[in-house]
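Here is what each chain is made of, one letter per residue.
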Amino acid sequence: MTPPVKNFVIDFDSTFTKVEGLDLLVEMALNNHADKHSVVKEVKEITDKGMSGELGFEDSLKKRIALLKANKSDVNKLSERLKTEVSSSFKRNRDFFKEYSENIYIVSSGFKDFILPVVEEMGVKPENVYANEFRYDEENNIIGFDESNVLAKDNGKVTLLKNLKLQGDIYVIGDGYTDYEIKASGLANKFYAFTENVSRGNVLDKADHIAPSLDEILYLNKMNTAISYPKNRINVLLLENIHQDAVNGMIEEGYNVEVYPAGLDEDELCEKIKNVSILGIRSKTQVTKKVLEHANRLIAVGAFCIGTNQIDLEACLEKGVAVFNAPYSNTRSVVELALGEIILLMRNIPDKNIAMHNGEWNKSATGSVEIRGKKLGIIGYGNIGAQLSILAEGAGMDVHYYDIEEKLALGNATKCNSLEELLSISDVISLHVDGRPENTNIIGEKEFSMMKKGVVFLNLSRGQVVDIKALADNIRSGKIRGAGVDVFPEEPKGNDDPFVSELLGLPNLILTPHIGGSTLEAQKNIADFVPGKIIQYINTGSTTNSVNFPNLQLPTLENAHRLIHIHINKPGIMAKMNNVLLEHDINIMGQYLKTNEKIGYVITDIDKQYDKEVISALKAIDGTVKFRVLY
């Protein structure tokens, strides 16, 4: 049995285009008028009342036209402007309008004068466009509209649809109450409340389905779409007060974004992550194997920080989840804090500051020294350690460093052959190591005993790398004359939780709440960098800068479908994949492979036309971890 024809009845203002055409016409026509702002505001208020159903449409239209002082030339300019304001998902799905042009109808309470040039360019048939029409005087000034047109009346869209007597199913796409009225009258099978540009609460309540994009509607109707999966179905969870720019970037991309201000413990995250495709965290949230066992839809994790030790990278790899971080984005912020604390601690400023606040005046140079000429020992000569080396040397310090990997000295820095050597010669010691398990308590009582008496000690790296009790004991004994600590083995999940530590109340000690990288500049850099890499991975499959995946930079996908196959790295997988493609007579337009010790990552670009059974066959290959299609 042949399925019924699907007819799509689409609104124009705020649906086909991002804006209300008549409102914009008022704004453009009154560009040089003194009362422009008040008139524009009044027209928009009338529009909103009409679209929400608070005001009868006929009344709404008459009130707006009465305020309109425009010429046909303004209408022509508006059409050109509206061509640049077509909704993003409509532009993306231009092929839909061409392929189904016979069954696509534009039914609008706006005006055909400016609507027709816009929709015709997208492939809509002129005879399928129904809207109001202006009346002009001899000088082409707008003096009114055709009041006999059914679309100028209340319930006009309903009357028009009754007159059209369309055969088959009818699906209404719009953002206003007049669009819902078509469904309410029994003339339509479904009403999709289109929310890509505007969201009206009372309309959403009455919709059969809320559609954040045209992609969503085409996906539900199993019709060809410009993208393989509606982005509004990709759920994003961002924790720990991630910068608003990152939130905005994800929303603008079309994802369904949920924001949570604090970290989540393992059990909370296990519950929350079930339907999440993209997870964004900072340093407090632990992405464990147990969490990943509950993450059946997870595609990528973004660490909005430098380190990734809070993430089980091995388990992510086995699950086919790509992890991205921001290895350089907050380097400068951490370095500036370290250098600032070194100066403050060498001058005993923390204690002097407290004394002043207690009303004590103790002007003395005792124990206060310059940093110039002092030996700075840097443990860990990565991005942060190396940049601290440069800035500290510029301030006159004699820089020494130790790293377990071979690192080239910058400037006049001196490499130490052992940790013991560095500890024994340094006046100031600054830790800049990662949080790998073997670094746990690398500075403990034994290491403190090797340091000079009166050393200044900083840890702005990871909380677990220092034995806190040993540090506290050595501050009390005077072995350490001053310390700066920004990270702790146990940290509160959020700003409302108390901070507890053995270090509280100790002299010449700067304690900061894990803010080494928390500057506006650093957080903005991270907020731009990490989402950019995740979005690129979702959209193209590129894994550049992934922490755990083989890195692949891929060309832009053109006139093809991209098959992304993640599999256990074992012999024969590629051969099986290509055999499947051969059996289905599929032409390979491009193929890219990269592996690491655990997984293989294969990208195959193929012609758009292929038997959909090939997807099932590729997913069924033994060793497949994750598979997805892009187009």
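- The name given to the chain in an unreviewed UniProt entry is D-3-phosphoglycerate dehydrogenase, and the organism recorded there is Marinigracilibium pacificum.
- The UniProt entry for the chain carries this comment under Function (unreviewed entry): "Catalyzes the reversible oxidation of 3-phospho-D-glycerate to 3-phosphonooxypyruvate, the first step of the phosphorylated L-serine biosynthesis pathway. Also catalyzes the reversible oxidation of 2-hydroxyglutarate to 2-oxoglutarate."

**Observations concerning the overall build of the chain**
Right, so step 1: Secondary structure summary: the chain contains 25 helices and 24 strands in total.
Right, so step 2: Relative to the 2.2 N^0.38 estimate, which gives 25 Å for 631 residues, the radius of gyration of the chain is 32 Å and therefore markedly larger than a compact globule would have.
Right, so step 3: In terms of its C-alpha atoms, the chain occupies a principal-axis envelope of roughly 95 × 70 × 45 Å.
Right, so step 4: Taking all 631 residues of the chain together, 50% fall into the buried category.

**A word on the sheet that holds strand 12 (residues 300-303)**
Right, so step 1: Across the sheet, which stays open at both edges, the five strands sit in the order 10-9-11-12-13 with parallel pairing between neighbours. In the strand order of this sheet, the two ends are held by strand 10 (256-259) and strand 13 (322-324), each with one partner. When the angles between neighbouring strand axes are averaged without regard to direction, this sheet yields 15 degrees.
Right, so step 2: In this structure, strand 9 (residues 235-238) lies alongside strand 11 (residues 278-281), joined through three bridges in parallel fashion. Note that in strand 11 the partner of valine 236 across the bridge is isoleucine 278.
Right, so step 3: This element, helix 23 (residues 520-540), spans strand 11, strand 12 and strand 13 of the sheet and lies at about 165 degrees to strand 12.

**Things to note about the pairing of strand 7 (residues 190-194)**
Right, so step 1: Counting buried residues in strand 7 gives four out of five residues, a clear majority hidden from the surface.
Right, so step 2: Across four bridges, strand 6 (residues 169-174) lies against strand 7 in parallel orientation. Each residue of the ladder has a partner; that of tyrosine 171, found in strand 7, is lysine 190.
Right, so step 3: In this fold, the crossover linking strand 6 to strand 7 by way of helix 10 (residues 177-184) has right-handed handedness.
Right, so step 4: Relative to strand 8 (residues 209-211), strand 7 runs parallel, the two sharing three bridges. Residue pairing for strand 8: alanine 193 is matched across the bridge by isoleucine 210.

**With respect to the packing of helix 5 (residues 72-82) against helix 8 (residues 112-121)**
Right, so step 1: Helix 8 packs onto helix 5 with a crossing angle of 35 degrees between their chain directions and a minimal axis gap of 9 Å. Considering only the axes of helix 5 and helix 8, their crossing is right-handed. Along the contact surface, helix 5 presents Val75, Leu78, Ser79 and Leu82, while helix 8 presents Asp113, Phe114, Pro117 and Val118.
Right, so step 2: For the contact of helix 5 with helix 8, the residue count by class is six nonpolar, one polar and one charged.

**Focus: the UniProt feature "domain: ACT" (unreviewed entry) in the chain**
Right, so step 1: In the UniProt entry, the feature "domain: ACT" (unreviewed entry) is given for residues 562-631.
Right, so step 2: Here residues 562-631 is 26% helix and 43% strand, with 6 Å between the C-alpha atoms at its ends.

**Quick word on the packing of aromatic side chains**
Right, so step 1: As enumerated under the stated definition, the model contains 25 aromatic pairs in all.
Right, so step 2: On the basis of an interplanar angle of 50 degrees and a centroid distance of 6.4 Å, the ring pair of phenylalanine 114 and phenylalanine 134 is categorised as tilted. With phenylalanine 114 in helix 8 and phenylalanine 134 in strand 4 (residues 134-136), the pair connects residues that are 20 residues apart, well separated along the chain.
Right, so step 3: Lying across the ring of tyrosine 136, lysine 72 places its NZ or CZ 5.1 Å from the centre.
Right, so step 4: Of note, arginine 628 hangs over the ring of tyrosine 537, and the distance from its end group to the ring centre comes to 4.8 Å.

**Some words on the state of the cysteines**
Right, so step 1: Enumeration according to the criterion identifies zero disulfides in this entry.
Right, so step 2: Here cysteine 270 is not disulfide-linked; the sulfur of cysteine 316 is the nearest cysteine sulfur, at 13 Å.
Right, so step 3: Free of any disulfide, cysteine 305 has its nearest neighbouring cysteine sulfur in cysteine 316, separated by 13 Å.
Right, so step 4: Residue class for cysteine 305 comes out buried when judged on its relative accessible area of 12%.

**Notes on the sheet that holds strand 16 (residues 414-415)**
In sheet architecture, strand pairing relies on hydrogen bonds along the backbone and comes in two forms, parallel and antiparallel.
Right, so step 1: In space, the seven strands of this open sheet follow the order 16-15-14-17-18-19-20, with parallel pairing throughout. Two strands bound the open sheet, and with one partner strand each, they are strand 16 and strand 20 (509-511).
Right, so step 2: Pairing of strand 18 (residues 455-459) with strand 19 (residues 480-485), which is carried by five bridges, proceeds in the parallel orientation. Note on strand 19: the bridge partner recorded for phenylalanine 457 is alanine 483.

**What about the pattern of salt bridges?**
Right, so step 1: Under the criterion given, the structure shown has 35 salt bridges.
Right, so step 2: For aspartate 11, the salt bridge identified is with lysine 157, shortest N-O distance 3.2 Å. You can see aspartate 11 sitting in the loop between strand 1 (6-10) and helix 1 (12-16) and its partner lysine 157 sitting in helix 9 (residues 156-164), a full 146 residues away along the chain.
Right, so step 3: Across the pair glutamate 85 and arginine 81 runs a salt bridge, and its minimum N-O distance is 3.4 Å.
Right, so step 4: For arginine 81, a relative accessible area of 36% puts it in the partly exposed group.
Right, so step 5: When salt bridges that share partners are traced, they join Glu20, Asp48, Asp175 and Arg200 into one network.

**Side note on the nonpolar core**
Right, so step 1: With 49 residues, the main nonpolar core has Phe16, Phe97 and Phe134 as its most contacted residues.
Right, so step 2: Ignoring anything within four residues of it in the chain, the contact list for phenylalanine 134 reads Leu22, Leu25, Ile65, Leu68, Val75, Phe111, Asp113, Phe114, Ile142, Gly144 and Phe145.
Right, so step 3: Within the second largest apolar cluster, 32 residues are counted, among which are Ile278, Ile526, Ile535 and Leu554.

**Some remarks on the environment of phenylalanine 145**
Right, so step 1: Tracing the backbone through its elements, the reader meets phenylalanine 145 in strand 5 (residues 142-145).
Right, so step 2: With a relative accessible area of 4%, phenylalanine 145 lands in the buried category.
Right, so step 3: With twelve residues separating them along the chain, phenylalanine 145 and glutamate 133 place their C-alpha atoms 5.7 Å apart.
Right, so step 4: Those residues in contact with phenylalanine 145 that sit more than four places away from it in its chain are Leu61, Lys62, Ile65, Phe111, Glu133, Phe134, Arg135 and Ala152.

**Re helix 17 (residues 331-346)**
Right, so step 1: The first and last C-alpha atoms of helix 17 sit 23 Å apart over 16 residues, in line with the 22 Å expected at 1.5 Å per residue.
Right, so step 2: What helix 17 keeps buried is the set Thr331, Ser333, Val334, Val335, Ala338, Leu339, Glu341, Ile342, Leu345 and Met346.
Right, so step 3: Positive phi appears at asparagine 348, one or two residues downstream of helix 17, with a value of about 60 degrees.

**Examining the domain arrangement of the chain**
Right, so step 1: The domains assigned to the chain are domain 1 (6-221), domain 2 (231-324), domain 3 (330-511) and domain 4 (557-629).
Right, so step 2: With centres defined by C-alpha atoms, the gap from domain 3 to domain 4 works out at 51 Å.

**Considering the packing of helix 9 against helix 10**
Right, so step 1: Interhelical geometry of helix 9 versus helix 10 gives an angle of 45 degrees and a closest axis separation of 8 Å. Compared by their axis directions, helix 9 and helix 10 come out oblique. Crossing angle aside, the handedness with which helix 9 passes helix 10 is right-handed. On the side of helix 9, the interface is formed by Lys157, Val158 and Leu161, while helix 10 contributes Thr178, Asp179, Glu181 and Ile182.

**Digging into the environment of methionine 451**
Right, so step 1: Assignment of secondary structure puts methionine 451 in the loop between helix 21 (445-450) and strand 18.
Right, so step 2: Residue classification places methionine 451 among the buried positions, given a relative accessible area of 5%.
Right, so step 3: Through-space distance from the C-alpha of methionine 451 to that of glutamate 421 is 9.5 Å; in sequence the pair is 30 residues apart.
Right, so step 4: Residue contacts for methionine 451: discarding those within four places in its chain leaves Leu423, Ile429, Ile443, Phe457 and Lys479.

Rules behind the numbers
- Residues numbered from 1 in each chain as written.
- Predicted model: local features only at pLDDT ≥ 70, side-chain atom pairs only at ≥ 80, totals over all residues.
- Heavy atoms only, no water.
- UniProt positions renumbered as here; feature names shortened; annotations may be inferred.
- Helix = DSSP H or I, 4+ residues; strand = E, 2+ residues; numbered from the N terminus.
- Rg over C-alpha atoms; globule rule 2.2 N^0.38 Å.
- Buried < 20%, exposed > 50% of the residue type's maximum accessible area, 1.4 Å probe, protein only.
- Pairing = 2+ DSSP bridges.
- Axes fitted to C-alpha atoms, helices over the stretch in contact; angles between N-to-C directions.
- Contact = heavy atoms within 4.5 Å.
- Right-handed = clockwise from strand over helix to strand, strands pointing away.
- Left-handed = near helix turned anticlockwise from the far one by under 90°.
- Nonpolar A, V, L, I, M, F, W, Y, C, P; charged D, E, K, R; others polar.
- Phe/Tyr/Trp six-rings, centres within 6.5 Å; stacked < 30°, edge-to-face > 60°.
- Lys NZ or Arg CZ within 6 Å of the ring centre and 35° of its normal.
- Disulfide = S-S within 2.5 Å.
- Salt bridge = Lys/Arg side-chain N within 4 Å of Asp/Glu carboxyl O.
- Core = buried A, V, L, I, M, F, W, Y, C linked by side-chain atoms within 4.5 Å.
- Expected span 1.5 Å × (residues − 1).
- Domains from an automatic or database assignment.
- Parallel < 35°, antiparallel > 145°, perpendicular 65-115°, else oblique.

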